[in-house]
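Topology and contacts: notes
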There are 4 protein chains.
Amino acid sequence: MTVKVAVAGATGYAGGELLRLLLAHPDIEIGALTAASSAGTPLRQHQPHLVPLADRVVTETTPEKLAGHDVVFLALPHGHSAQLAAQLGPDVLVVDLGADHRLTEETDWQRWYGGDHAGTWPYGLPELPGARERLKGSKRIAVPGCFPTGGTLALAPAFAAGLVKPEVTVVAVTGTSGAGKSLKPHLLGSEVMGSASAYGVGGAHRHTPEFAQNLSLVAGERVTVSFTPVLAPMPRGILTTASAPLAADTDLATVRSAYEKAYDAEPFVQLLPEGSWPTTAATVGSNNVQLQVAVDADAGRLVVVAAIDNLTKGTAGGAVQSMNIALGLPETTGLPAVGVAP
Amino acid sequence: MTVKVAVAGATGYAGGELLRLLLAHPDIEIGALTAASSAGTPLRQHQPHLVPLADRVVTETTPEKLAGHDVVFLALPHGHSAQLAAQLGPDVLVVDLGADHRLTEETDWQRWYGGDHAGTWPYGLPELPGARERLKGSKRIAVPGCFPTGGTLALAPAFAAGLVKPEVTVVAVTGTSGAGKSLKPHLLGSEVMGSASAYGVGGAHRHTPEFAQNLSLVAGERVTVSFTPVLAPMPRGILTTASAPLAADTDLATVRSAYEKAYDAEPFVQLLPEGSWPTTAATVGSNNVQLQVAVDADAGRLVVVAAIDNLTKGTAGGAVQSMNIALGLPETTGLPAVGVAP
Amino acid sequence: MTVKVAVAGATGYAGGELLRLLLAHPDIEIGALTAASSAGTPLRQHQPHLVPLADRVVTETTPEKLAGHDVVFLALPHGHSAQLAAQLGPDVLVVDLGADHRLTEETDWQRWYGGDHAGTWPYGLPELPGARERLKGSKRIAVPGCFPTGGTLALAPAFAAGLVKPEVTVVAVTGTSGAGKSLKPHLLGSEVMGSASAYGVGGAHRHTPEFAQNLSLVAGERVTVSFTPVLAPMPRGILTTASAPLAADTDLATVRSAYEKAYDAEPFVQLLPEGSWPTTAATVGSNNVQLQVAVDADAGRLVVVAAIDNLTKGTAGGAVQSMNIALGLPETTGLPAVGVAP
Amino acid sequence: MTVKVAVAGATGYAGGELLRLLLAHPDIEIGALTAASSAGTPLRQHQPHLVPLADRVVTETTPEKLAGHDVVFLALPHGHSAQLAAQLGPDVLVVDLGADHRLTEETDWQRWYGGDHAGTWPYGLPELPGARERLKGSKRIAVPGCFPTGGTLALAPAFAAGLVKPEVTVVAVTGTSGAGKSLKPHLLGSEVMGSASAYGVGGAHRHTPEFAQNLSLVAGERVTVSFTPVLAPMPRGILTTASAPLAADTDLATVRSAYEKAYDAEPFVQLLPEGSWPTTAATVGSNNVQLQVAVDADAGRLVVVAAIDNLTKGTAGGAVQSMNIALGLPETTGLPAVGVAP
């Protein structure tokens, strides 16, 4: 089986990572590569590491250029996918790496993004209960945000097992590629190196409602999430520290048992042995999630630390994983189980 | 007035920063420089940036070598200061940058450090209520830990004003110099660069009881602190994200007013204007604390982000600031109000 | 065909990279993993990114443990491979990533390394004239040093075409993983980040004679090399700037033509289009060499800049490439043609 | 004596460093702060580390705003200083941190910069023979480029002593702040971190003629310079590796003696003891130059490695040092002799 794939937004970081993974995918033929402002230039100018695609020419992001493919990945700014997807027809698998179809509540969309809500598509986080069933055979997939990927996987087993109260605190330290290639002063190397900084503090970051939506679904009750993203001097990686008050007096063994139950069969999630703590470096370039749990008896909180590569599991890897499920391919096909370290 | 100063632990990062500041202090004459294992070597081998002291020879850390100074700074591993201080006599100002004399509760000491508790010295965080009075004329000073410096200053005004409940969550992103020069594999450049990692999770870090002690004192009730330190790829800086549930429905103006009241007269603390968020880069090399506050109405939490240089305000700068107060010098003497950026 | 492989030195950076590549190699079965001081520990403690091998236990580096494999990779400090190889027998393919068998001149060995010279093995830089013939079917391979890999490939075409005089200057900027996991103060993250430094200046670095040997062979006359390695704050990558006086008045077209002739058929070497300059980031995790040439008419020199990943093409990738040739496998099998960026 | 100073280009990296130094200068009163596009904004938005100037408002860069000061620093793109200086009058000390007045040859200007040559001002590298005499009392100063500062000081003593031939090779590894705050994709943190790259190769960089001009002056004959700048992942610092063929058989003692003679009385230049090699980290934030020399007998070359902070000694520190001389102040006034490390 050969699946012909187009990538819209091929010159950005998400698009580049997608192409890196697709090049290693045995069932994929890479078709159109499109971008907004770079049409007509060779891909090498934007993605010099993608040597086998160096001479491919980027075209405009139009329904015409994206037509004729089995799968179309959309790595576009929010607000651009709904109309494009509509023109691609219902038989094409459209995988949206943007935010347009993640939220279920229109009021959330309007508050955090503004404008019309494009509707909700099956959510591409296969490790969530019931997710694989919803993805199988689906022709539309909403890829999760990079922060909610780490934070949801960090706490979902605790909520599923009723171990914590629905008042979550998440601080997630992220590499700079999550901010994309946009030319903003605070993203210059001179500003980023040697510096840590927070942004979108106090519930202002657009991933906040997605966190709450995911965890509320698992918890079966409304979960509030105090979310703070922190920019750190590294290109890739998210280290999530998520905590919540313990619902009752719980010991570490009970917690570990809940996480083992949730993740032992998961191909890309590793609960580390006691005493080991995750590093983002160990996940770079892989589709893995590495996590560790702790019970803070004094503070009465469960604390979970999870490491992912924001571009792989947090974006492009998660997208390919869900595509595999939707197409009926083995879920791990083409996805790196091994990181690039140091 | 010329104050003769000795530094024990002159070859480490805290000792080096101390010497950098003391070289710029108009009232200081730098005397003995001592270290455990490097006695007999010139300082240039350990601190090549301290050019005016390049040819000074490091001696052993003994009471004899430290005698004859007005002030002795101890930048030593914990457990080494009590005995040394006793031998220096009651008229020498001893400033302990280690942990030995920070904690008031013997049980806390025994649980987190072990062994006999050396007693409690006046705590060198001048911005805390009543601290300056306790430091003035004192002959013993316990310099705060780097993490509690940032975290305490982030939340003290909120507790002083009764704005938050005593259940605090702190995630602090730190540069690697906080771990010192110890040769551990996870501190190698190859491991650190490109990686974020947590450690001492779930209340295991030794700064946890110091946090709780400080905030409980300000709050007038027992405060619990869930503290997670995160190692980030930068040499210096701590970015603290501290949050707590709001005690009542509070708006941002009320919060800002409480922080302005607490810090407007402080020479080294800057509450940033609304819309600006602190970066550790802006504080590097300075004794400043830059902070910003947010009210998360959905989560019902106050969130405060504070940036410091862990080696300056977080260690050596805080030590010199307290020394100035103890000696009756203007508090800001010799302390940089300006960072080195980018 | 399944080739059973052992790796001696599996806990270091070279060993880890080798295993990362071997895990993706379709013809390889990974057998014994050995190390000097970590015998008895699971590999996850040393290589947390190699998830499929996490539970494999490291054993001692002895001929017994290494016996029974088709291929044995030796990633050991110099001086350890000759005796080990002798005990493995002549039918086992031994690939030495260390320095022991690279140099042809005993006097060079004694001057730069000291002790007895272990002899010379076929040199694993397939892109050199005649190298593939020497590697085919060989049971012993000496993998080049990381610096000579970049520097030799940068200048070999110019010498082969007689374009330059035999007085070479090379400055190579390297990531820290080239120094391995040894616990030395100057390799601490706090020291490395934000700093560039040179070492082994003035011909003192042990790779100097290897450079000269390679280029002299291609040039057919004695080439002198002034080599300066520079440590930069990045985990991986070598950016080589190599230059030599032009033999005669030469234009850029002539130079490019010589390089195209040398490299157009090479699977892992890319001469970039005019106007593009290599970055090490574009090669990270790949077996690629990206290079660009310039003619400095004022200074009368050819200047070549080449980027590689020191652990991949510079060490483990080069080793696997040569192994493939020796075993008669397609040369590119299992080797990444695509980097991981950003 | 109080000297009133204006800074044109106060929002950039050079301007920020200048202000950092001027704030510590006892004889300076900081007057107008101007910038091209940020007029009307408070300085804190651009230089959050300059706390004492946080509320100062940036004004337009016009002769009117710059009038009424004793000294005017111009940190502007090239081509903007001549006209501005003419309007400031002959009694104002104008210190140009840009390139306009560095080159003596009009043909060099036209080839590397283009347009009309604005003329030549006294060159602000006090360590060069005769420079202090030319600077004393001067009302115009051309501050050297950051690369020529390091490279000239690395080789001037060797040329002055006739130790080397006039065919120089320089590779200089620089931090990103040298490129300023311009929003270019290759300067994004995601691109810079983990990567080394060369640019302006083959004599294309505009600092090339300045190198040659300086060294030719010292040598008394035409010196050619093959110059390659390399961008490394650090905000500050330049590590220069400069080499040239030895004029005759020379030993290290002779070389060291020439450098000691040249630099022993220099307040900001340190020839390190044998066996020590400079790191840029040791010079960060200081006005120091740290260097080391080696004789490569095999290659017949002198190799010199020099470390500076590109923003301090390489730009703003050098500017203040020359200003001090021009004004008759002690040369080291207000200039940091101590770096900020780690």
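Residues numbered from 1 in each chain as written. Chains lettered and ligands numbered in written order. Predicted model: local features only at pLDDT ≥ 70, side-chain atom pairs only at ≥ 80, totals over all residues. Heavy atoms only, no water.

With that settled, the discussion passes to the pairing of strand E4 (residues 93-96) of chain D. Residue and element names in this part refer to chain D. Residues Leu93 and Val95 point to one face of E4 and Val94 and Asp96 to the other, with burial holding for every one of them. Bridge analysis of strand E3 (residues 71-74) against E4 gives four bridges, and the strand direction is parallel. In the sheet register, leucine 74 faces E4, and the bridge partner there is aspartate 96. Handedness of the E3-helix H3 (residues 81-88)-E4 crossover: right-handed. With three bridges joining them, E4 and strand E5 (residues 140-142) adopt parallel strand pairing. In the strand pairing of E5, valine 95 is matched with isoleucine 141. (Buried < 20%, exposed > 50% of the residue type's maximum accessible area, 1.4 Å probe, protein only. Helix = DSSP H or I, 4+ residues; strand = E, 2+ residues; numbered from the N terminus. Pairing = 2+ DSSP bridges. Right-handed = clockwise from strand over helix to strand, strands pointing away.)

Turning our eyes to something else, we now look at the interface of chain A and chain B. Often, the extent of an interface is quoted as the loss of accessible area on bringing the components together. The partner chain B presents 40 residues to the 40 residues of chain A that form the contact. In total, about 3,200 Å² of surface goes out of reach between chain A and chain B, with carbon and sulfur atoms giving 62% of it. In terms of surface lost to chain B, no three residues of chain A exceed Ala196, Val201 and Asp298 of chain A, which account for 15% of the buried area on that side. Residue contributions to the side of chain A that touches chain B peak at five residues, all from strand E9 (residues 224-231) of chain A. Its residues placed into classes, the side of chain A that touches chain B shows 20 nonpolar, 14 polar and six charged. (Contact = heavy atoms within 4.5 Å. Buried area = accessible area lost by both parts, 1.4 Å probe. Nonpolar A, V, L, I, M, F, W, Y, C, P; charged D, E, K, R; others polar.)

Residue and element names in this part refer to chain A. Each assigned domain of chain A is listed with its residue range as follows: domain 1 (3-144 + 314-327) and domain 2 (147-308). Between domain 1 and domain 2 the total buried area reaches about 2,200 Å² when both faces are included, carbon and sulfur atoms providing 53% of it. Contact with domain 2 buries surface across domain 1, with Tyr13, Trp112 and Glu127 losing the most and accounting together for 30% of the total. A salt bridge links arginine 236 to glutamate 17; the nearest nitrogen and oxygen atoms lie 2.6 Å apart. Linking domain 1 with domain 2 are 12 residue pairs in polar contact (both at pLDDT 80 or more), by the criterion used here. Of the residues forming the side of domain 1 that touches domain 2, the biggest block, four residues, is contributed by helix H10 (residues 312-327). By residue class, the composition of the side of domain 1 that touches domain 2 is nine nonpolar, 10 polar and seven charged. (Domains from an automatic or database assignment. Salt bridge = Lys/Arg side-chain N within 4 Å of Asp/Glu carboxyl O. Polar contact = N/O pair within 3.5 Å; in protein donor to acceptor, adjacent residues only side chain to side chain.)

The next subject is the sheet that holds strand E7 (residues 197-198) of chain C. Residue and element names in this part refer to chain C. If you trace the seven strands from one edge of the open sheet to the other, you get E7-E8-E6-E9-E12-E11-E10, paired in mixed fashion. Single-partner strands in this sheet number two, and they are E7 and strand E10 (269-271). Pairing between E10 and strand E11 (residues 289-296): three bridges, direction parallel. Bridging from a neighbouring strand, glutamine 270 pairs with glutamine 290 of E11. Strand contacts of helix H6 (residues 146-160): strand E6 (167-174), strand E8 (224-231), strand E9 (238-245), E11 and strand E12 (301-308), with the helix running at about 140 degrees to E12, the strand carrying the most contacts. Helix-sheet contacts for helix H9 (residues 252-263) involve E10, E11 and E12, and the interaxial angle to E11 is about 155 degrees. (Axes fitted to C-alpha atoms, helices over the stretch in contact; angles between N-to-C directions.)

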